[in-house]
Amino acid sequence: MANRRKLAAAAEFDRILAVQSWILRRLGCDVFDLNYRFSPATWVIVFLASFYMVISAYDLYRFRNDVFNFAFSLVTLSYGVIGCTRIVLFLRNSRTYAQIVVEARRTYEQVSNEREQEVQERYTRMLKRCVTFYSISFIGGCIMGGFFPLAVYWWTGLKVLPFGVILPFTDPDTIEGYQLNYLYQVSCIVWTPPGLTATQNVYFALVFNLCIQYDVLKLKLEDLDKLIRDGAEYDTIREKLVEIINWQRHLVDFIAEIDRNFTVQTFVEISSVAMQMVIVLFVLHIDVWLPGYMVIFVASFQLFVLCILGAMIEIKSDIFTEQIYGIAWHRMRTPEQKMVQFMLAKAQYTMQLTYGGMLPLNMNLFVTIYKKTYSVFMMLQNM
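Residues numbered from 1 in each chain as written. Predicted model: local features only at pLDDT ≥ 70, side-chain atom pairs only at ≥ 80, totals over all residues. Heavy atoms only, no water.

One pass over the full model with this rule turns up 19 salt bridges. Ionic pairing is found between Arg 86 and Glu 269, a salt bridge with its closest N-O pair at 2.7 Å. Taken together, the residues Arg 86 in helix H3 (residues 67-92) and Glu 269 in helix H7 (residues 234-286) connect sequence positions 183 residues apart. In this structure, Arg 86 and Glu 269 share a single accessibility class: buried. Shared partners join several salt bridges into a network, and the residues in it are Arg 115, Glu 116, Lys 218, Lys 220, Glu 222, Asp 223, Lys 240 and Glu 243. (Salt bridge = Lys/Arg side-chain N within 4 Å of Asp/Glu carboxyl O. Helix = DSSP H or I, 4+ residues; strand = E, 2+ residues; numbered from the N terminus. Buried < 20%, exposed > 50% of the residue type's maximum accessible area, 1.4 Å probe, protein only.)

In structure tokens, the structure reads:
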């Protein structure tokens with residue numbers, strides 16, 4: 001029975017990742033597969049992303065004297081920067097990312113009792129709900145954005161576009177120019193949101209996997225404390241303590257590996273989001289700009305998602321440190337007490353997910369960015 005539950009949690013985790021891999025494989029970017037190789041689809045995606053960036057950069061020059069279209073083009077360019085950063089980082093270090101996923105999968109094979117299996121099941125269910133909610137929200141929002149111009153045209157007769165990228169040498173005010181730009185923007189919606197969503201969902205899986213490891217470690221500490229209070233043999237206590245220290249060392253190394261490979265991506269995304277909010281606030285100060293409100297909402301949501309994931313790991317780390325203090329270490333022999341001291345010292349300097357390796361990724365960062373964004377907005381307003 002216990003083994004079936006263990007296999008069920010692992011199978012659910014595999015299914016979640018399999019869906020993301022299938023999407024990325026269609027795009028030629030299944031970098032989380034150890035057998036990944038460049039394919040024609042990979043070069044197509046690289047070309048499309050590069051073409052998008054060139055057009056966005058051209059639009060900045062094209063609309064340099066139009067504050068609203070210039071702002072819209074700058075926001076559009078920032079999303080391109082986020083997507084291109086992911087493509088470059090993932091393709092450049094595909095083997096490393098695949099190994100991280102394999103290491104996360106191995107967590108499901110290392111549980112030793114029913115309580116630990118319950119932890120796995122709980123977080124795997126949470127992961128599934130999170131992935132489902134994020135995928136529906138992000139891709140659904142992009143699809144609605146694609147159909148939004150049709151609704152506006154049907155309701156008001158006005159021709160608007162989903163977002164602010166305009167093909168060179170076209171006039172969106174003409175029928176042919178509008179249709180060409182609309183088709184291009186809808187084509188971007190076909191391949192961009194699925195890729196961004198799939199890679200983000202894999203990041204969710206890694207963070208939830210860290211939560212599993214922290215909770216399993218917490219259970220092992222509870223077992224250690226029970227052994228001490230029940231007067232178990234010193235060899236049994238020492239064996240359990242060594243097991244906990246090995247789990248802790250593995251967890252710290254895993255957090256460091258995830259942060260090392262995702263911190264540049266996180267830095268680019270959070271910086272881009274902050275820039276978008278400054279730009280939109282500045283434009284809204286000039287006049288009402290309806291797309292700006294949507295940009296603010298999406299940027300805030302993305303910033304919140306990244307920061308709350310980091311906050312989850314920070315909270316788990318703090319709880320683990322407090323629990324070390326709570327075990328009956330004073331009833332242990334001196335050699336084992338020194339092992340506990342080593343474990344406690346390690347816990348106090350546990351690696352966290354960071355923003356560019358500079359600041360912890362948590363809700364304090366979320367609030368700080370909002371404060372800094374408002375400060376920059378006020379500075380631009382007074383210029």
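A few words now on the UniProt feature "transmembrane region" (unreviewed entry) in the protein chain. The UniProt entry lists residues 41-61, 67-89, 131-155, 267-286 and 292-313 under the feature "transmembrane region" (unreviewed entry), expressed in the numbering used here. Between the first and last C-alpha atoms of residues 41-61 the distance is 31 Å; the span itself is 100% helix and 0% strand. Along residues 131-155 the backbone is 100% helical and 0% strand, and the end-to-end C-alpha distance reaches 34 Å. (UniProt positions renumbered as here; feature names shortened; annotations may be inferred.)

Taken together, the side chains of Tyr 58, Tyr 61 and Phe 169 define a hydrophobic patch exposed on the protein surface, amounting to about 410 Å² of accessible area. Structurally, Tyr 61 is set in helix H2 (residues 40-62). (Patch = residues over 30% accessible without salt bridge, like charges linked within 9 Å, V, L, I, M, F, W, Y side chains within 5 Å. Areas by Shrake-Rupley, 256 points an atom, 1.4 Å probe, with all protein chains shown as cover.)

Looking now at the packing of H2 against helix H6 (residues 175-229). The interhelical angle for the contact between H2 and H6, taken along N-to-C directions, is 135 degrees, at an axis separation of 12 Å. Classified by the angle between their axes, H2 and H6 sit oblique to one another. Every pair of crossing elements has a handedness; the one defined by H2 and H6 is left-handed. Residues Ile 45, Leu 48, Ala 49, Phe 51, Tyr 52 and Ile 55 of H2 touch H6, and the partners they reach there are Tyr 184, Cys 188 and Trp 191. By residue class, the composition of the contact of H2 with H6 is nine nonpolar, no polar and no charged. (Axes fitted to C-alpha atoms, helices over the stretch in contact; angles between N-to-C directions. Parallel < 35°, antiparallel > 145°, perpendicular 65-115°, else oblique. Left-handed = near helix turned anticlockwise from the far one by under 90°. Contact = heavy atoms within 4.5 Å. Nonpolar A, V, L, I, M, F, W, Y, C, P; charged D, E, K, R; others polar.)

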